[in-house]
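# Fold and geometry: a report
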Amino acid sequence: MGVIRRLSEGTINRIAAGEVVERPASAVKELAENALDAGAKHIDIVIGSGGRELIRITDDGIGMSAEDLSVAVERHATSKLPSGADGREDLHDIATLGFRGEALPSIGAVARLSITTRTRDGDTAHRIAVEGGNVSPVEPAAGPVGTRIEVRDLFFATPARLKFLKGERSETLAVSDVVKRLAMAHPEVAFSLTSETRNMFRLEPEMPGDAGRLARLGAIMGRDFSENALAINAMREGIALTGFAGLPTYNRGTAQMQFLFVNGRPVRDKLIVGAVRGAYADFLARDRHPAVALFVEIDPRDVDVNVHPAKAEVRFRDAGLVRGLIVGALKHALHDAGHRASTTVAGAALDALRPVSSFADTAPGFSGGGMSTYTPQRPGFATPPAWQGAFTDLGAHAARIVEHEQNIAPLSPDALSSALPLGVARGQLHETYVIAQTADGIVIVDQHAAHERLVYERMKKAMAERGVARQILLIPEVVELDEADAERLGTRAGELAELGFVLETFGQGAVVVREVPAVFGKLDVPGLVRDLADDLSELDEALSLKERLEHVCGTIACHGSVRAGRRLTADEMNALLREMEATPHSGQCNHGRPTYVELKLTDIEKLFGRR
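A brief structural summary.

Thresholds applied
Residues numbered from 1 in each chain as written. Predicted model: local features only at pLDDT ≥ 70, side-chain atom pairs only at ≥ 80, totals over all residues. Heavy atoms only, no water. Pairing = 2+ DSSP bridges. Helix = DSSP H or I, 4+ residues; strand = E, 2+ residues; numbered from the N terminus. Axes fitted to C-alpha atoms, helices over the stretch in contact; angles between N-to-C directions. Phe/Tyr/Trp six-rings, centres within 6.5 Å; stacked < 30°, edge-to-face > 60°. Buried < 20%, exposed > 50% of the residue type's maximum accessible area, 1.4 Å probe, protein only. Parallel < 35°, antiparallel > 145°, perpendicular 65-115°, else oblique. Contact = heavy atoms within 4.5 Å. Nonpolar A, V, L, I, M, F, W, Y, C, P; charged D, E, K, R; others polar.

Read across the open sheet, the 3 strands follow the order 24-26-25; overall the sheet is antiparallel. With partners counted over all chains shown, the strands left at the sheet margins are strand 24 (470–480) and strand 25 (502–505), one partner each. Put simply, the sheet's adjacent strands are angled 15° from each other on average, direction ignored. Pairing between strand 24 and strand 26 (residues 510–517): 7 bridges, direction antiparallel. Bridged to Val478 within strand 26 is Val512.

If you want it as structure tokens, here you go:
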């Protein structure tokens, strides 16, 4: 008897289930995608114990006939792969989320699965059950049009898998994340998720178009995102890119708020990490990440969705084209945003201004308990209360402010028109912050951060027009690398030369560097080359060089800008405001921090109880 033998059908199914159904969230993803492929407009999901004990998904899709139902639970049985002229299925023209025909039999191999379904023209529903791979006959049942799939005791047939699952809360959050991603990709579909008896969320269907998509994104990513999002709309060589990207000042500590969808399929791809980081490199520190939701529509023949067992990754035929489209579209949107800054900046400022406790706790004349009421002090005090001493030195400061304002002309209604979004300068605080009055509020500008950004943008423009100045190395530097890394650097030599870094391949597994950017001064060439190789390998973007150039430019801009502590004249303050309005990206410094805060008059009135 030979050593090699064929595995049993049950073992084959359990192995396949291990690839497709990694955890409860994987099963929910596969079943919800089936519902979307069936044209469902409402998808209701109920889970118990994080999905281990129960997963129930009900949809109003087209349903299945009794004949199709019996075939649906067989391995590699699907209605979603079109056949070519030769009768063979075409794996390069996949327009649906599912296509392998593995989900139902894989789940049925490791759990207790039941399916109740009815077509729109069917007289009755039909039901089938699969328990640990054993299929029961199809039987009539009661049920509405659509499909209800119930999965109980996931992994009961493979108990060892249960040991690798996380806690109930972690598995529940994983299911929620999967459903939210599908809901973001399909705003026209209503989704609900219930855990035990707790309704986690319910999303109503949105209207078609950008407004409906933004409303769905706001419901999932937060209202702050929808208020601080820039619309993305670009096309290149038949590839369409739409979606929304957050302002640089609306950033996060991780990249968890970055989403990519390809032909309606949520995917995780390092392509978006490198592209987004490259587009925002001018505006955010390395440890801060923007929030984006990008949707790519591409010919199915130009993307391979069959490269991952769970279909969580895709491979583009021309990844460079897609990356360039994402970077270009994001940079264009950020440029068009001008000096706009996140509304969360003003919200944080207002929260900081709101008192934690009542003023009545520290100042006499106010009564506590609910609404504070002012009570005049009785005459006859020989000595003023101690707290009034804090105001004895205000006279000198007030005189300084009046003297400063003599240079500022009175404001006319025309001066506060919408043509001056940052308003007209009214004064300077602590010789660091410029106070401006707008048509409906005030603006507080950090004069150093704002001018630093303006100087930085001028330097960038000059570099773009004249190129990066280079210096020739007296002795060219040879750097030994892995052969694949050297090849990657060699193929991107032209792009690196535009950044002032001239290199070429030098035999196998080495490159020789002949010129470097002149602004660097003393430079660790081998270290930079290795960093560039890592960037190209991981992110397909030469970020190390760009970030170093930006760091040098930022340092120069910092030292060449208006310093905090310098008193500005009214003309200088207004000139700063006007240049900020005309300069793209002036709403944030080079590290993503805001250069100004805008407070609306209505918000200020709320602070004083006027509203």
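Read on for the rest.
Under the counting rule described, the total for this entry stands at 2 aromatic pairs. Ring geometry for Phe225 versus Tyr250: centroids 6.4 Å apart, planes at 50°, classification tilted. Taken as a pair, Phe225 in helix 8 (residues 223–227) and Tyr250 in the loop between strand 11 (239–246) and strand 12 (251–252) lie far apart in primary sequence, 25 residues in all. The pair formed by Phe225 and Tyr250 is uniform in burial state, with each residue classed as buried. Geometrically, the ring pair formed by Phe261 and Phe295 is stacked, given 4.7 Å between the ring centres and 10° between the ring planes. Remark: Phe295 occurs in strand 16 (residues 292–297) and Phe261 occurs in strand 13 (residues 258–262); sequence separation between them is 34 residues.

Our focus in this paragraph is the packing of helix 14 (residues 483–491) against helix 16 (residues 525–538). Helix 16 packs onto helix 14 with a crossing angle of 85° between their chain directions and a minimal axis gap of 9 Å. With respect to helix 16, the axis of helix 14 lies roughly perpendicular. Residue-level inspection shows Asp485, Arg488 and Leu489 of helix 14 in contact with helix 16, the latter providing Val529, Leu532, Ala533, Leu536 and Ser537. Tallied by class, residues from the contact of helix 14 with helix 16 come to 5 nonpolar, 1 polar and 2 charged.

Spatially, 5 strands are ordered 10-11-16-13-14 in an open sheet, and the strand pairing comes out mixed. Only two strands of the sheet have a single partner each, and these edge strands are strand 10 (229–236) and strand 14 (265–267). Across the sheet, the mean angle separating the axes of adjacent strands is 20° when strand polarity is ignored. Relative to strand 14, strand 13 is paired through 3 bridges, and the arrangement is antiparallel. When the sheet's bridge partners are listed, Val262 is paired in strand 14 with Arg265. Contacts from helix 6 (residues 168–185) reach strand 13, strand 14 and strand 16 within the one sheet, and its direction differs from that of strand 13 by about 60°. Its contacts with the sheet place helix 9 (residues 270–279) against strand 13 and strand 16, and it is angled at close to 125° to strand 13.

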